[in-house]
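Now for the letters of each chain:
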Amino acid sequence: MIIALTKGRILEETLPLFERAGIVPNENLKKSRKLLFETNINNVQFMLLRGSDVATYVEFGSADMGVVGKDLILEHGSEGFYEPLDLRIAQCRLMTAVPSDRKVVSGRVTIATKYINIAKEHFANQGKQIELIKLNGALELAPALGLADAIVDIVDTGKTLTANGLEPQNLIADISSRVIVNKASMKIKHEMVSKIIGLLNKAVKNGKSDIGM
Ligand code: PRP
């Protein structure tokens, strides 16, 4: 049973949650360069991936389960796996944001984002014609540098936007981390998968729980 975890900020909240569920890695994930880790549970391994790869690994069955942000699920498309549990961690919002001094732009608007599919759908639903520019980081600089009129990005505290002269405009989706499960694993490894989901669910709701595996 391989569980793909998202590296970075989400991991800081994922590990304590798994610990409350009674599943802990046998070594410190953050201090190692390894990508696959044994846990205290026999036959349960953690794999560390970029968030944008978790859905792909789970969809194709290289990982049985995964923890990934709803933003990346929306961007990837959720047809290829099940999404049985909201872990309610890494909560934030996916929003459009505009320069504070240039909120109204007429004509065809250019949007910079790493969420190309989400942005396409959002603006299409609003009947707006847009140009999309795919960026993988430092999006908040794009409007100031004349690359885009607005951005679509994750907003948590809002400090990154403010620090770059931007402000949030429209909410696209509320985001949190979800458990996703490979469709075949859900059938073939049903007992183990539902046990882990049950433990995580308990950990989300009550805090502490017993291992019982
Ligand atoms: C996200 C997002 C913003 C920032 C928002 O980036 O892209 O840059 O967090 O947070 P704030 O509202 O609290 O300022 P993250 O640090 O997750 O890294 P990323 O760019 O790799 O996604």
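Look a little higher up for the structure.
Residues numbered from 1 in each chain as written. Predicted model: local features only at pLDDT ≥ 70, side-chain atom pairs only at ≥ 80, totals over all residues. Heavy atoms only, no water.

Novice: How do you make sense of the sheet that holds strand E3 (residues 45-49) when you look at a structure like this?
Specialist: Neighbouring strands of a sheet are bound in pairs by backbone hydrogen bonds; such pairs are parallel or else antiparallel. Taken together, 6 strands build an open sheet; the order of strands is E2-E3-E1-E4-E11-E5 and the sheet is mixed. Whereas interior strands pair on both sides, the edge strands pair on one side only; in this sheet they are strand E2 (36-38) and strand E5 (81-86). The mean inter-strand angle of the sheet, taken between neighbouring strand axes irrespective of direction, is 30 degrees. Direction of pairing for strand E1 (residues 2-6) relative to E3: parallel, over a ladder of 5 bridges. If you follow alanine 4 over to E3, its bridge partner there is methionine 47. (Pairing = 2+ DSSP bridges. Helix = DSSP H or I, 4+ residues; strand = E, 2+ residues; numbered from the N terminus. Axes fitted to C-alpha atoms, helices over the stretch in contact; angles between N-to-C directions.)

Novice: Before we go on, may I ask you to explain the pattern of salt bridges in this structure?
Specialist: It is possible for side chains of opposite charge to pair when their charged atoms get near one another. As enumerated under the stated definition, the model contains 8 salt bridges in all. Two residues, lysine 30 and glutamate 12, come together in a salt bridge whose shortest N-O distance is 3.5 Å. A residue pair is termed long-range when its members are at least 10 positions apart, and lysine 30 in the loop between helix H1 (9-20) and E2 and glutamate 12 in helix H1 qualify at 18 residues. Accessibility expressed as a relative area gives 52% for lysine 30, which makes it exposed. Residue glutamate 27 is joined to lysine 34 by a salt bridge in which the shortest nitrogen-to-oxygen separation is 2.6 Å. The exposure class assigned to lysine 34 is partly exposed, which follows from its relative accessible area of 41%. (Salt bridge = Lys/Arg side-chain N within 4 Å of Asp/Glu carboxyl O. Buried < 20%, exposed > 50% of the residue type's maximum accessible area, 1.4 Å probe, protein only.)

Novice: Can you help me understand the site of the ligand in this one?
Specialist: Close to the ligand lie Arg9, Lys114, Glu140, Asp153, Ile154, Val155, Asp156, Thr157, Gly158, Lys159 and Thr160. Note that an oxygen atom of the ligand is positioned 2.8 Å from one of the backbone N or O atoms of aspartate 156. In this structure, threonine 160 approaches the ligand through a side-chain N or O atom, which is 2.4 Å from an oxygen atom. Relative to its free-state accessible area of 500 Å², the ligand is covered by the protein chains to the extent of 64%. Of all the secondary-structure elements, those providing two or more residues to the shell around the ligand are strand E9 (150-155) and helix H5 (159-163). A total of 3 residues in the shell around the ligand trace back to one element, the largest contributor, which is E9. (Near = heavy atom within 4 Å. Polar contact = N/O pair within 3.5 Å; in protein donor to acceptor, adjacent residues only side chain to side chain. Areas by Shrake-Rupley, 256 points an atom, 1.4 Å probe, with all protein chains shown as cover.)

Novice: Would you mind showing me how to read the nonpolar core here?
Specialist: Soluble globular proteins tend to pack their nonpolar side chains together in the buried interior. Core analysis: the largest hydrophobic core is formed by 32 residues, its most contacted members being Ile3, Leu5, Met65 and Leu87. Within the residue set of this core, elements represented by two or more residues are E1, H1, E3, strand E4 (65-69), strand E11 (177-182) and helix H7 (190-206). If one sorts the elements of this core by residue count, H7 sits on top with 7 residues. Not counting residues up to four positions away in its chain, the partners in contact with leucine 87 are Leu17, Val67, Ser177, Arg178, Val179, Leu200 and Val204. Of all hydrophobic cores here, the second largest spans 27 residues; its members include Met47, Leu94, Ile111 and Ile180. (Core = buried A, V, L, I, M, F, W, Y, C linked by side-chain atoms within 4.5 Å. Contact = heavy atoms within 4.5 Å.)

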